[in-house]
Amino acid sequence: MATLDQKSPNVLLQSLCCRITGKSEAEVAHQFQYAVRVIGSNYAPTIERDEFLVSEKIKKELLKQRREADAALFSELHRKLQTQSVLKHRWSVLYLLLSLSEDPRKPSSRVGNYGALFAQALPRDAHSTPFYCTRPQSLALGYGERSAGLSASVGTSGISSLGVYTLNGPTPTPQSLLAGQPPQSAAGGGQPLGSRLAWTLPVSCSPSSALALPATRPLLGPPVPSTRVVRPRRDGEVSEAALVRDILYVFQGIDGKFIKMSAQDNCYKIDSKVVLCKSLRDTSSRLAELGWLHNKVRKYTDARSLDRAFGLVGQSFCASLHQELKEYYRLLSVLHSQLQVEDEQGVNVCTESSLTLRRLLVWMYDPKVRLKTLAALVDFCQGRKGGELASAVHSYGKTGDPHMRALVQHILSLVSHPILNFLYRWIYDGELEDTYHEFFVASDPNVKTDRLWHDKYSLRKSMIPSFITMDQARKVLLIGKSINFLHQVCHDRTPPAKITPASKSADTPKDAAELLSDLEGAFQEKIDAAYFDTSKYLLDVLNRNYLLLEHLQAMRRYLLLGQGDFIRHLMDLLKPELVRPATTLYQHNLTGILETAVRATNAQFDNAEILKRLDVRLLEVSPGDTGWDVFSLDYHVDGPIATVFTRECMGHYLRVFNFLWRAKRMEYTLTDIWKGQMCNAKLLKTMPGQCHSHKLLVLECSWDELWNKVQQAQDLDHIIAAHDVFLDTIISRCLLDNNSRVTHTHTHTHTHTQIILWSLLNQLRAIFDQIIEFQSAQDSLYRSALEELTLRLQYEEKKRQREGEWGVTAEQEAEEKKRIQEFKETIPKMRSQLRILTHFYQSIVQQFLVLLMTNSDESLRFLSFRLDFNEHYRAREPRLRASLGASRGRRLSNI
């Protein structure tokens, strides 16, 4: 039985070293000491512990070797292993197998350069970028493939990677390491830097620094002196080693003994009293720039990290800068460790492994470029926050340098992570928790529920990230607004998850980076899916529960006088009331008449929800107004439908109704005039004057166009926009828009079109006035004639009754003749008045038709054809003939 000492780890490890090297215990002292340091360290690969990734890599390697059967067998065994709890660290076992399977003679299968060995020396969380999460260090590409690797969508920060300036070399095997044999280059010549770095492991050095030191000294034996010629120092001249020590402090923003920060020049400068050759002074100045860049970035992060108002996006930006600085500090710690090792070993001569300014200049070139990028980014992002800050970072990613693009893309993934979280919470839950106003959707808490759709939510255009298009931003706004509208206005309690299924959100910056890499694909699909689902559900609720389309049709039937039988019967019932002075009207009487008209016409078959909203309104009374001037129908709207039919829209509807109601009254009046003429023609054959009635049509309704747009609408905004265009169109065609409002005193300040519209409106009002005057004149004529006829009939009846007696007296007969003569004398006056009215009416109608022909609205131009369908006015007005001919010519040319 083995003793306890024989089972101790030290004894077993020493035996293993002897077995591998084939040497005695005394000869493997160095290898044993190194093995103890390795086992006692906390080494771990700087990659994500992703079991799936490693297993997939193993299968790919097997497939590359044309071992498909082995790959299938491995997959099956791995699946069985996952179902058992025998191993707790399956990833570690798989990673070990993968590492052992690699051929050490192939430099491309392992990072055989300085950067890989440097990365292996850092702890597992040393890398700020997720490059190591997707490509393990043991699987990294060689130098020749580095450019392609770093240009991937998820890149590495790379501040600590110096492999760009090294050559490839063979990876030392475990046997050669324990045997104390330095690896040889493929060409058999001098050791490349990457290979020599693997042998910078002095016995007194700790394992973590030993693997990372940028030196080239072999593990065993004394330092190898350099073969280059060393320039002798002058008396009092500062040594290069002292400058190196100062520079390492300056890299961290700390003043050194010889190099200090100059507040006046805002840079690090070497004291002019220091004796130093020009080459070392220039090299030190160039290296000291890293300290200035470091201070610039560090000052920004220190100031902004404490500013809570900077928001989540700003804090993410600061966190990304901190990560880059943290990796930069790890690089400096390795360099300090190297310097400490040289001090402990008493290296005071220039050797192949010692730190020099020239080596630092080469090794720090890449970190310097990256710090310059960070400093420029800090300058560009000053005063920005939220989406504006993300846009600034995104703009810096448009560069041809793959290393810089990878850096900026990584920072952008961190910065955009909060924005994407805001976005997903908004489009899937309708929640907006933007304390510091960073998101591009803004909310106004002072807006009431009835104005939620129009005023509560809006876009902060300055906060829209440049990688999100305006169309995407508009859809994002509509999605969340629709969810809140459903909950707060429609009182629909359907969970948002049932309206549109929530997809995976950007839980990590890695998810954000993947999403940003496919903005026109996966990201666009998520936005479109949520937009279509939410908008469709909202429109269904409005049409099903709140009868939006039925209310729209009711506006056309009642306020736009589309229900012909109802309007005509209403006018017949209202005529006795509306001819009275406006001050004598009572709304409840008019409301009763309205209900009677509804019950007597086809309007009775409308939905009860529609009819209960129909009402009567009396406008403001002016002196001399009759009921015709103040009467108006009204339609009450509330709840969700008030979002489409706003106060402004209802005001437009009432203006159009009043105009159409007056035009309808003119038609009604002309019809009564014609009826009066027909009825009285036989009775009053001797009475002069007949009037030609013209049915004036002033509205070419755009209802079909509106209805088609509503049927094709994808969201509520489309319906609102189509409805607004419809109202604007009919307002314009009724000559009620702002272009028709021109005063006489300021006509010189208006355009030709405005003056024409103003003239049209005045002409139309004059026509309406002439119709009313003509009705008044005819009524007066008929009234006088009928009174005269009645008196004559009474006189004749009186004569007939007294035929057997003396008849009428001479006095009575004289009075009758006198009265008849007075009536005859009034006939020329009434005839003259009718002729004046007729002439003036025809004149203004002719002018009205000419103005219609010069209007830019095609519908108003065609109205002239409909009004003069028999070409009565064309024959009288030469200008009208020319205008009509030109208009028809233009129409034919367009066909």
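Parameters at a glance
Residues numbered from 1 in each chain as written. Predicted model: local features only at pLDDT ≥ 70, side-chain atom pairs only at ≥ 80, totals over all residues. Heavy atoms only, no water. Helix = DSSP H or I, 4+ residues; strand = E, 2+ residues; numbered from the N terminus. Contact = heavy atoms within 4.5 Å. Areas by Shrake-Rupley, 256 points an atom, 1.4 Å probe, with all protein chains shown as cover. Phe/Tyr/Trp six-rings, centres within 6.5 Å; stacked < 30°, edge-to-face > 60°. Lys NZ or Arg CZ within 6 Å of the ring centre and 35° of its normal. Core = buried A, V, L, I, M, F, W, Y, C linked by side-chain atoms within 4.5 Å. Buried < 20%, exposed > 50% of the residue type's maximum accessible area, 1.4 Å probe, protein only. Salt bridge = Lys/Arg side-chain N within 4 Å of Asp/Glu carboxyl O. Patch = residues over 30% accessible without salt bridge, like charges linked within 9 Å, V, L, I, M, F, W, Y side chains within 5 Å. Axes fitted to C-alpha atoms, helices over the stretch in contact; angles between N-to-C directions. Nonpolar A, V, L, I, M, F, W, Y, C, P; charged D, E, K, R; others polar. Expected span 1.5 Å × (residues − 1). Arc of directions from axis to C-beta. Left-handed = near helix turned anticlockwise from the far one by under 90°. pLDDT = per-residue confidence, 0-100. Pairing = 2+ DSSP bridges. Disulfide = S-S within 2.5 Å.

1. A closer look at the overall build of the protein chain
Per the secondary structure count, the protein chain includes 35 helices and six strands. The long-range fraction of contacts in the protein chain, counting pairs at least 24 apart against all pairs at least 6 apart in sequence, stands at 71%. A total accessible area of about 46000 Å² is found for the protein chain, and carbon and sulfur atoms account for 53% of it.

2. A look at the side chain of Ser262
Take Ser262: it is sitting in strand β1 (residues 259-262). Ser262 has contacts with Cys267 and Lys269, leaving out every residue within four places of it along the chain.

3. Concerning the packing of aromatic side chains
By convention here, two paired aromatic rings are described through the distance between centres and the angle between planes. Overall, the coordinates contain 19 aromatic pairs when judged by the stated rule. Linked through ring pairs, Trp628, Phe631, Phe657, Trp661 and Tyr668 together constitute an aromatic cluster. Positioned over the ring face of Phe380 is Arg384, at 4.6 Å from the centre of the ring.

4. A short note on the nonpolar core
Phe566 and Trp661 are the most contacted members of the largest nonpolar core, which totals 183 residues. The residues touching Phe566, leaving out its near neighbours within four places in the chain, are Tyr558, Leu594, Ala597, Val598, Thr601, Ala603, Leu614 and Leu633. Ranked by size, the runner-up nonpolar core spans nine residues in total, among them Leu62, Ala71, Trp91 and Leu98.

5. Re the pattern of salt bridges
Applying the stated criterion to the full structure yields 33 salt bridges. Across the pair Lys368 and Glu289 runs a salt bridge whose closest N-O atoms are separated by 3.0 Å. Pair noted here: Lys368 is in helix α16 (residues 365-380) and Glu289 is in helix α13 (residues 278-305), with a separation of 79 residues, a long-range link. Classification of Lys368 by relative accessible area gives buried; the value is 14%. The salt bridge involving Asp379 is made with Lys296; its shortest N-O contact spans 2.9 Å. With Asp379 in helix α16 and Lys296 in helix α13, this residue pair connects regions lying 83 residues apart in the sequence. Within this structure, Glu609, Lys612, Arg613 and Asp638 form a network of salt bridges that share partners.

6. Describing a nonpolar patch on the surface
Side chains of Val86, Leu87, Val93 and Leu97 sit close together on the surface and give an oily, nonpolar patch of about 330 Å² of accessible area. Secondary-structure assignment places Leu87 in the loop between α4 (68-82) and α5 (90-101). We classify Leu87 as partly exposed; its relative accessible area is 35%.

7. Description of the packing of helix α33 (residues 810-853) against helix α34 (residues 858-867)
How two helices sit against one another is set out by the angle between their axes and by the gap between those axes. At a minimum axis distance of 7 Å, the contact between α33 and α34 shows a crossing angle of 145°. Between α33 and α34, the residues in contact are Phe848, Leu849, Leu852 and Met853 and Leu860, Arg861, Leu863, Ser864, Phe865 and Leu867, respectively. Its residues assigned to classes, the contact of α33 with α34 comprises eight nonpolar, one polar and one charged.

8. Structural notes on helix α17 (residues 386-396)
In terms of burial, α17 is a largely internal element, eight of the eleven residues being buried. By the burial criterion, the buried members of α17 are Gly386, Gly387, Leu389, Ala390, Ser391, Ala392, Val393 and His394. For α17, the secondary structure elements touched by its buried residues are α14 (311-345), α16 and α18 (402-429).

9. Digging into helix α26 (residues 587-600)
Each α-helix winds once per 3.6 residues, and so residues spaced three or four apart point in a common direction. Along its 14 residues, α26 runs 20 Å from first to last C-alpha, staying within 8% of the 20 Å computed at 1.5 Å per residue. Along α26, the residues that are buried comprise Leu590, Ile593, Leu594, Ala597 and Val598. Taken around the axis of α26, the buried residues stretch over an arc of 140°, which confines them to a single face. Of the residues in α26, the exposed ones pointing more than 90 degrees away from the buried face are His588 and Arg599. Where α26 is buried, its residues meet α25 (564-578), α27 (608-611), β5 (614-618) and β6 (631-635).

10. Here we look at the packing of helix α20 (residues 470-488) against helix α23 (residues 519-545)
Contact pair α20 / α23: the axes reach a minimum separation of 9 Å and the direction vectors enclose 35°. You can see that α20 and α23 cross each other, and the crossing is left-handed. Contacts from Gln472, Arg474, Lys475, Val476, Leu478, Ile479, Ser482, Ile483, Phe485 and Leu486 of α20 reach α23 at Leu519, Phe523, Gln524, Ile527, Asp528, Ala530, Tyr531, Thr534, Tyr537, Leu538, Val541 and Leu542. Across the contact of α20 with α23, the residue classes tally to 15 nonpolar, four polar and three charged.

11. Brief notes about the confidence of the model for the protein chain
Here the protein chain shows a mean pLDDT of 76. Residues at 70 or above account for 74%. Contacts of residues 107-229 to residues separated by more than four positions or lying in other chains number 275 contacts, the stretch itself having pLDDT below 50. Confidence drops under a pLDDT of 50 for residues 686-697, and excluding neighbours within four residues, the segment shows 24 contacts in the predicted structure.

12. Notes on the pairing of β1
Pairing of β1 with strand β2 (residues 267-270), which is carried by four bridges, proceeds in the antiparallel orientation. Counterpart to Met261 in the pairing with β2 is Tyr268. In this antiparallel pair of consecutive strands, β1 and β2, the connection spans four residues, and Asn266 shows a positive phi of 55°.

13. A word on the environment of Pro576
Within the secondary structure layout, Pro576 lies in helix α25. Residue classification places Pro576 among the exposed positions, given a relative accessible area of 54%.

14. Let's talk about unusual backbone geometry
Even without being a glycine, Asn266 presents a positive backbone phi close to 55°. Counting through the fold element by element, Asn266 comes out in the loop between β1 and β2. For Asn266, a relative accessible area of 45% translates into the label partly exposed. The backbone of Leu547 shows a phi angle near 50°, a positive value even though the residue is not glycine.

15. What to know about the state of the cysteines
Summed over the entire model, instances satisfying the criterion amount to zero disulfides. Of the cysteine sulfurs around Cys18, a residue in no disulfide, the closest is that of Cys17, at 6.9 Å. In this structure Cys18 comes out as buried when scored by relative accessible area, which is 15%.

16. With respect to the environment of Phe631
Tracing the sequence through the fold places Phe631 in strand β6. Taking the C-alpha atoms as reference, Phe631 lies 9.4 Å from Gln587; in sequence the two are 44 residues apart. Beyond its immediate sequence surroundings of up to four residues, Phe631 is in contact with Leu570, Leu574, Leu578, Leu590, Val616, Arg617, Leu618, Phe657, Asn658 and Trp661.

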